[in-house]
Amino acid sequence: MKSTDTIRAQVTCTPREAAQLVGVGRTTIYELIREGKIAAHKRGARTLITVANLITLDAADIADGRKS
């Protein structure tokens, strides 16, 4: 597993890495993507999230994602 410092240095990350960085589960990350609170794009079969997008993610959005 990559360190959070390594993930922050990347331009994009996977949902698994995003979950590690934000401190939630992958399911919560996918829920936030589905709700439009995290922008993600597909590269073939891979889902990628911009790390800058995660850094600006509101804590309230994360809490809402955990409740769903």
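Residues numbered from 1 in each chain as written. Predicted model: local features only at pLDDT ≥ 70, side-chain atom pairs only at ≥ 80, totals over all residues. Heavy atoms only, no water.

Caption draft 1: Helix 2 (residues 15–22), seen in detail. Within helix 2, 6 of the 8 residues are buried, which leaves it mostly tucked inside the rest of the structure. Listed in full, the buried residues belonging to helix 2 are Pro15, Glu17, Ala18, Ala19, Leu21 and Val22. One or two residues past the end of helix 2 sits Gly23, with phi positive at roughly 90°. (Buried < 20%, exposed > 50% of the residue type's maximum accessible area, 1.4 Å probe, protein only. Helix = DSSP H or I, 4+ residues; strand = E, 2+ residues; numbered from the N terminus.)

Caption draft 2: Expanded view of the sheet that holds strand 3 (residues 46–50). With antiparallel pairing, the 3 strands of this open sheet are ordered in space as 1-3-2. With one partner strand each, in any of the chains shown, strand 1 (12–13) and strand 2 (40–43) form the two edges of the open sheet. Pairing geometry for strand 1 and strand 3, over 2 bridges, is antiparallel. Residue pairing for strand 3: Cys13 is matched across the bridge by Ile49. (Pairing = 2+ DSSP bridges.)

Caption draft 3: Expanded view of helix 3 (residues 26–34). Listing the buried residues of helix 3 in full gives Thr28, Ile29, Glu31 and Leu32. Projection of helix 3 onto a plane perpendicular to its axis shows the buried side chains occupying an angular sector of 160°, all on one side. Residues of helix 3 that are exposed and point over 90 degrees away from its buried face: Thr27 and Arg34. Gly36 sits one or two positions beyond helix 3 and adopts a positive phi of about 80°. (Arc of directions from axis to C-beta.)

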